Amino acid sequence: MQRALLLVLGLTLPGFAWSADNCSTDIRGTDQMMFDKDEIIVPASCKHFTITLKHPGTLPKEVMGHNWVLSETRNMQAILADGIAAGLEQGYLKSNDPRVIAYTRLLGGGEEDSVTLDTATLNADGDYQFFCSFPAHSVLMKGRLKFGT
Ligand code: CO
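The following paragraphs examine the structure supplied in this document. Just so you know, these numbers come straight off a predicted model, no measurement behind them. (Residues numbered from 1 in each chain as written. Predicted model: local features only at pLDDT ≥ 70, side-chain atom pairs only at ≥ 80, totals over all residues. Heavy atoms only, no water.)

## Some thoughts on the packing of aromatic side chains
Next, step 1: One pass over the full model with this rule turns up 3 aromatic pairs.
Next, step 2: Between tyrosine 92 and phenylalanine 134 the ring centres are 5.1 Å apart and the planes differ by 65°, which places this aromatic pair in the edge-to-face class. Residue tyrosine 92 is located in the loop between helix H4 (76–86) and strand E5 (100–103), and its partner phenylalanine 134 is located in the loop between strand E7 (128–131) and strand E8 (142–148); the two are separated by 42 residues in the primary sequence.
Next, step 3: A relative accessible area of 12% places tyrosine 92 in the buried class.
Next, step 4: Here a set of aromatic residues connected by ring pairs shows up, and it is made of Phe35, Trp68 and Phe130. (Phe/Tyr/Trp six-rings, centres within 6.5 Å; stacked < 30°, edge-to-face > 60°. Helix = DSSP H or I, 4+ residues; strand = E, 2+ residues; numbered from the N terminus. Buried < 20%, exposed > 50% of the residue type's maximum accessible area, 1.4 Å probe, protein only.)

Written out as structure tokens, the structure is:
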């Protein structure tokens with residue numbers, strides 16, 4: 001009986017277990033149209049990895065919207081082009097785009113959002129880019145994500 005209860009608690013508290021293993025990170029997207037990181041390392045020991053995007057600015061998302069989108073580098077330009085076509089209401093992302101590995105919603109100043117990756121979807125030798133899909137922001141707002149080392 002007690003073992004069963006502990007098992008249930010373990011299954012319902014996965015976020016606690018991940019954060020204890022450095023399997024999460026924060027990234028900020030500012031009113032100056034910058035991310036505060038240009039590289040994110042996902043440790044190979046993490047089964048899941050959570051990215052929390054924070055927008056510490058004051059500008060609304062219509063003017064200075066930021067999201068955090070992850071894809072293989074070779075797919076980034078096509079995702080951006082389709083995102084512009086999708087428009088602000090869709091968060092500048094085509095819905096159900098299979099080339100997008102993970103994404104947060106589009107944020108304005110004072111907002112935050114998190115997304116959790118299943119690292120089984122990543123390859124150690126993969127070439128991954130994260131970026132903001134708001135029109136033209138990826139010129140400055142992009143970086144590398146590496147899995148493993
Ligand atoms: Co942006």
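Here the narrative resumes, following the displayed structure.
## Some points on the pairing of strand E2 (residues 39–43)
Next, step 1: Alternating positions in E2 separate cleanly, Ile40 and Val42 being buried on one face and Glu39, Ile41 and Pro43 remaining unburied on the opposite face.
Next, step 2: Direction of pairing for E2 relative to E8: parallel, over a ladder of 5 bridges. If you follow proline 43 over to E8, its bridge partner there is glycine 148. (Pairing = 2+ DSSP bridges.)

## Focus: a nonpolar patch on the surface
Next, step 1: On the surface, a cluster of nonpolar side chains totalling about 290 Å² of accessible area is made up of Met34, Val139 and Leu140.
Next, step 2: In this structure, valine 139 sits in the loop between E7 and E8.
Next, step 3: Its relative accessible area of 63% is what places valine 139 among the exposed residues. (Patch = residues over 30% accessible without salt bridge, like charges linked within 9 Å, V, L, I, M, F, W, Y side chains within 5 Å. Areas by Shrake-Rupley, 256 points an atom, 1.4 Å probe, with all protein chains shown as cover. Salt bridge = Lys/Arg side-chain N within 4 Å of Asp/Glu carboxyl O.)

## Concerning the pattern of salt bridges
Next, step 1: Considering all chains together, one arrives at 8 salt bridges under this definition.
Next, step 2: Measuring nitrogen to oxygen at the nearest pair gives 3.1 Å for the salt bridge that ties lysine 146 to glutamate 39. Of this pair, lysine 146 sits in strand E8 while glutamate 39 sits in strand E2, and the two are 107 residues apart along the sequence.
Next, step 3: Residue glutamate 39 is classed as partly exposed on the basis of its relative accessible area of 36%.
Next, step 4: Salt-bridge contacts for glutamate 111 lead to arginine 105; the nearest nitrogen and oxygen are separated by 3.9 Å.

## Focus on the sheet that holds strand E3 (residues 48–54)
Next, step 1: If you trace the 3 strands from one edge of the open sheet to the other, you get E1-E3-E6, paired in mixed fashion. Each of the sheet's edge strands pairs with one partner strand only, and the pair in question is strand E1 (24–28) and strand E6 (112–118). Mean inter-strand twist for the sheet, computed between neighbouring axes without regard to direction, equals 20°.
Next, step 2: For E3 and E6, the ladder comprises 7 bridges, and the chain directions are antiparallel. Bridging across to E6, isoleucine 51 finds its partner in valine 115. (Axes fitted to C-alpha atoms, helices over the stretch in contact; angles between N-to-C directions.)

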